[in-house]
Amino acid sequence: MASVNLTINKKHYQVACEAGQEKHLLALAENVQAKITSLGQDINKVEDEKLLLMASLLLADDLHEVQSKLNKKPQQQEIALDHLVQIIDHLTHHLEKLALRLEAL
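Residues numbered from 1 in each chain as written. Predicted model: local features only at pLDDT ≥ 70, side-chain atom pairs only at ≥ 80, totals over all residues. Heavy atoms only, no water.

## Quick look at the pairing of strand β1 (residues 2-8)
Each regular strand displays side chains that alternate between the two surfaces of the sheet. Burial of the side chains of β1 is restricted to one face: Ala2, Val4, Leu6 and Ile8 are buried, whereas none of Ser3, Asn5 and Thr7 on the reverse face is. Of the pairings in the sheet, the one linking β1 to strand β2 (residues 11-17) comprises seven bridges and is antiparallel in character. Across the sheet, Ser3 pairs through a bridge with Ala16, a residue of β2. Where β1 folds back onto β2 in an antiparallel hairpin, the turn is made up of two residues, including Asn9, whose phi is positive at roughly 55 degrees. (Buried < 20%, exposed > 50% of the residue type's maximum accessible area, 1.4 Å probe, protein only. Helix = DSSP H or I, 4+ residues; strand = E, 2+ residues; numbered from the N terminus. Pairing = 2+ DSSP bridges.)

## Side note on a nonpolar patch on the surface
Taken together, the side chains of Leu81, Leu84, Val85 and Ile88 define a hydrophobic patch exposed on the protein surface, amounting to about 350 Å² of accessible area. With respect to the helices and strands, the residue Ile88 is situated in helix α2 (residues 48-104). (Patch = residues over 30% accessible without salt bridge, like charges linked within 9 Å, V, L, I, M, F, W, Y side chains within 5 Å. Areas by Shrake-Rupley, 256 points an atom, 1.4 Å probe, with all protein chains shown as cover. Salt bridge = Lys/Arg side-chain N within 4 Å of Asp/Glu carboxyl O.)

## Describing the environment of Ala29
Summarising the element assignment, Ala29 is placed in helix α1 (residues 22-38). Take Ala29: its relative accessible area is 8%, and that puts it in the buried class. Considering only alpha carbons, one finds Ala29 and Asn5, 24 residues apart in sequence, at a separation of 9.9 Å. In contact with Ala29, other than residues within four places in its own chain, are Leu6 and Ile8. (Contact = heavy atoms within 4.5 Å.)

## A few points about the nonpolar core
If you look at the biggest cluster of nonpolar residues, it comprises 11 residues: Ala2, Val4, Leu6, Ile8, Cys17, Leu25, Ala29, Val32, Ile36, Leu51 and Ala55. At the level of elements, β1, α1 and α2 are the ones that each hand at least two residues to this core. If near-sequence neighbours (up to four positions away) are discounted, Leu25 is found in contact with Val4, Leu6, Val15, Ala16 and Cys17. (Core = buried A, V, L, I, M, F, W, Y, C linked by side-chain atoms within 4.5 Å.)

## A closer look at the pattern of salt bridges
One pass over the structure, following the stated rule, counts one salt bridge. One salt bridge connects Lys35 with Asp62, and the closest N-O pair in it is separated by 2.6 Å. Highlighted residues: Lys35 in helix α1 and Asp62 in helix α2, separated in sequence by 27 residues. Among the residues examined, Lys35 registers a relative accessible area of 18% and is labelled buried. Owing to a relative accessible area of 31%, Asp62 belongs among the partly exposed residues under this scheme.

Dropping the structure here:
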């Protein structure tokens, strides 16, 4: 078991993690810090627990947005596939007509 020293909002935390996951955990902490920073300059007046809660909610909102987009993609792909099938059917119909005309020559 490994551990990582994280700094979030000028506070230091030692967190245990699986070996090899240290860089990933540091990147996650940087993401949390970025969200805290995005809350504005009045963050020094906010208690750490509330600040981490607000950052967590922002990250959860980001995750929800990404999940929503991923859930929509299969529907969009189905629509695109249906459209592609229609185009292929249309082209096939025209190719059959062309083939009949060529046979008649």
